[in-house]
Amino acid sequence: MIGNDIVDLRLAKSAHRWREQRFQEKVFCEQEQNLITQVSDPFGCLWRFWTMKESAYKVFKQTSPESTFSPISFTCRLLTDSMGMVNFGSTQYKMQTFSNKLFIYSFCTDHQSNIIENQYFTIQEHKTKQISRYIYRKILLKIADHDSEVYKQMELKKNEHGVPIVYYKNKKLPISISISHHGHFAAYAIAASTKYFLTA
Amino acid sequence: MNNEELIGKLKSIVKPYIQDEDAFANLSEDTDFINDLKINSANLVDVALDVEDEFDITIENEEMEKMLNVKAAIDIITSKVS
């Protein structure tokens, strides 16, 4: 399983109540809150934590679809500028993060999965439905390896729990997809289980 | 406060965060914040804070996790304002 999350930093600055202690207390454990106050860039650190938590949850949700997101229960540790760990219960997620002045992007997989592709890009559309269609198309073209005949027989749908599933000739493909969109940025990640690689 | 008034207040709270105008226009007790209104998960924290301010209540973390649709929000609010 794979999870990824992107945050548009310009939007994040204005669209959330992140500066407030009450926001931070609802989302971050004490250690994370301390680190946020200590670093030179509290804003960047806070949203890096957020993308890590959300990515880990997206992996978890695919095997526990009924679960709800409890951001404070996913605890983050930063190892380097781009590497980190998220702990949730007894599970540990190894996280990679890329950031610049415009966005922060994190992704991770569980131990049984290999990443096929992950990508982030800018979004020009404004309507949510158009954005979804645009991202879905990008993902399916990638999986179809830009073969239009294959592409025509593919479909991407979210199940009743909001988990994206890819179908080929109406059959569910054994791959894991994660989609993220925030403001002017979007991202997707595709992974397949190690088992699938061995049999393919 | 009756349900109708509550839904009205909730509607103005979630308005800045929604990304699906049609679902918002047809908002009812059955409306889901994520699947219907397309509110992103970070904004759900903002919604919880706005609800706390509007109704002068405290929402616990476990409650915030469950506050994913209009009905759940109403249940949580009515259990706290007497």
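Scroll up to find the structure.
Residues numbered from 1 in each chain as written. Chains lettered and ligands numbered in written order. Predicted model: local features only at pLDDT ≥ 70, side-chain atom pairs only at ≥ 80, totals over all residues. Heavy atoms only, no water.

Student: Help me understand the overall build of chain A, please; the structure alone is not making it clear to me.
Tutor: Each helix and strand in chain A was counted, giving seven helices and eleven strands. For a compact globule of 200 residues, the expected C-alpha radius of gyration is about 16 Å, and chain A comes in at 17 Å, within 12% of that figure. Seen through its principal axes, chain A has C-alpha atoms that stretch 55 × 40 × 30 Å. Looking at chain A residue by residue over its 200 residues, the buried ones come to 48%. Taking the contacts inside chain A whose residues are at least 6 apart along the sequence as the reference set, 57% of them involve residues at least 24 apart. Accessible surface computed for chain A: about 10,700 Å², of which carbon and sulfur atoms make up 50%. (Helix = DSSP H or I, 4+ residues; strand = E, 2+ residues; numbered from the N terminus. Rg over C-alpha atoms; globule rule 2.2 N^0.38 Å. Buried < 20%, exposed > 50% of the residue type's maximum accessible area, 1.4 Å probe, protein only. Contact = heavy atoms within 4.5 Å. Areas by Shrake-Rupley, 256 points an atom, 1.4 Å probe, with all protein chains shown as cover.)

Student: I tried to follow the interface of chain B and chain A on my own but got confused; where do I start?
Tutor: A common way to state how big an interface is: give the accessible area lost once the parts meet. Each side of the interface is counted separately: chain B has 22 residues, and chain A has 21 residues. When chain B packs against chain A, close to 1,700 Å² is buried across both sides, 51% of that on carbon and sulfur atoms. Where B:Glu52 meets A:Arg22, a salt bridge forms, and the shortest distance between an N and an O atom there is 2.8 Å. Applying the counting criterion to the chain B and chain A interface returns 13 residue pairs in polar contact (both at pLDDT 80 or more). Elements with a contribution of two residues or more to the side of chain B that touches chain A: α3 (41-55) and α4 (61-66) of chain B. Per-element tally for the side of chain B that touches chain A: the top contributor is α3(B), with ten residues. Of the residues in the side of chain B that touches chain A, the class split is eight nonpolar, six polar and eight charged. (Buried area = accessible area lost by both parts, 1.4 Å probe. Salt bridge = Lys/Arg side-chain N within 4 Å of Asp/Glu carboxyl O. Polar contact = N/O pair within 3.5 Å; in protein donor to acceptor, adjacent residues only side chain to side chain. Nonpolar A, V, L, I, M, F, W, Y, C, P; charged D, E, K, R; others polar.)

Student: What am I meant to see in the packing of helix α1 (residues 3-14) of chain B against helix α5 (residues 70-80) of chain B here?
Tutor: A pair of packed helices is captured by two measures, namely the crossing angle of their axes and the spacing between those axes. Residues and elements named next belong to chain B. Their axes nearest at 11 Å, the elements α1 and α5 cross at an angle of 110 degrees. By the angle between their directions, the pair α1 and α5 is classed as roughly perpendicular. Here α1 runs over α5; the crossing is right-handed. Counting all contacts with α1, which are made through Asn3, Leu6, Ile7 and Leu10, the residues of α5 involved are Val70, Ala73, Ile74, Ile77 and Thr78. (Axes fitted to C-alpha atoms, helices over the stretch in contact; angles between N-to-C directions. Parallel < 35°, antiparallel > 145°, perpendicular 65-115°, else oblique. Left-handed = near helix turned anticlockwise from the far one by under 90°.)

Student: Would you mind showing me how to read the sheet that holds strand β2 (residues 75-78) of chain A here?
Tutor: In sheet architecture, strand pairing relies on hydrogen bonds along the backbone and comes in two forms, parallel and antiparallel. Residues and elements named next belong to chain A. Taken in spatial order, the five strands of this open sheet run β1-β5-β4-β3-β2, and their pairing is antiparallel. Unpaired on one side and paired on the other, β1 (2-8) and β2 mark the two borders of the sheet. When the angles between neighbouring strand axes are averaged without regard to direction, this sheet yields 25 degrees. When strand β3 (residues 83-88) meets strand β4 (residues 91-99), the two strands line up antiparallel, connected through six bridges. (Pairing = 2+ DSSP bridges.)

Student: Teacher, can you tell me more about the packing of aromatic side chains here?
Tutor: Given two aromatic rings, their pairing is described by the distance between the two centres and the angle made by the two planes. All names here are of chain A. Counted under the stated rule, the structure contains 18 aromatic pairs over all chains. Centroid distance tyrosine 57 to phenylalanine 74: 6.1 Å. Interplanar angle 80 degrees. Geometry classified as edge-to-face. One end of the pair, tyrosine 57, is in helix α4 (residues 42-63); the other, phenylalanine 74, is in the loop between α4 and β2, with 17 residues separating them in the sequence. Judged by its relative accessible area of 1%, phenylalanine 74 is buried. On the numbers, 4.9 Å between centres and 45 degrees between planes, the contact of phenylalanine 103 with phenylalanine 185 is tilted. Here phenylalanine 185 lies in strand β11 (residues 185-193) and phenylalanine 103 lies in strand β5 (residues 103-109), a separation of 82 residues in the sequence. One aromatic cluster is present, built from ring pairs that chain together Phe23, Trp47, Trp50, Tyr57, Phe60, Phe69, Phe74 and Phe88. Between lysine 13 and the ring centre of phenylalanine 43, over which it is positioned, the NZ or CZ distance is 4.5 Å. (Phe/Tyr/Trp six-rings, centres within 6.5 Å; stacked < 30°, edge-to-face > 60°. Lys NZ or Arg CZ within 6 Å of the ring centre and 35° of its normal.)

Student: What is the right way to look at the environment of B:Ala42 in this model?
Tutor: Take B:Ala42: it is sitting in helix α3. The class of B:Ala42 is buried, set by a relative accessible area of 4%. Taking C-alpha positions, B:Ala42 is 27 Å from B:Glu4, a pair spaced 38 residues apart along the chain. If we ignore the near neighbours within four places in the chain, the residues touching B:Ala42 are A:His16, A:Phe23, A:Trp47 and A:Trp50.

Student: Which parts of the structure should I look at to understand the environment of A:Met154?
Tutor: Residue and element names in this part refer to chain A. Secondary-structure assignment places methionine 154 in strand β7 (residues 154-158). Sequence separation of methionine 154 and valine 166 is twelve residues, and the distance between their C-alpha atoms is 7.1 Å. When residues no more than four places from it in sequence are discounted, the contact partners of methionine 154 are Leu140, Ile143, Ala144, Val166, Tyr167, Tyr168 and Leu173.

Student: Just checking my understanding: could you explain the sheet that holds strand β10 (residues 175-182) of chain A for this structure?
Tutor: Residues and elements named next belong to chain A. One open sheet holds the three strands; their spatial order is β6-β11-β10, and the pairing between them is antiparallel. Sheet topology places β6 (113-122) and β10 at the edges, where each strand pairs with a single neighbour. Shown here is a sheet whose adjacent strand axes are inclined to one another by a mean of 10 degrees, direction ignored. By the bridge criterion, eight bridges tie β10 to β11 in an arrangement that is antiparallel. Residue isoleucine 175 lies in a different strand from β11, and its bridge partner there is alanine 192. Running at roughly 145 degrees to β10, helix α5 (residues 128-143) makes contact with β6, β10 and β11 of the sheet.

Read these as spatial facts, not as claims about activity.
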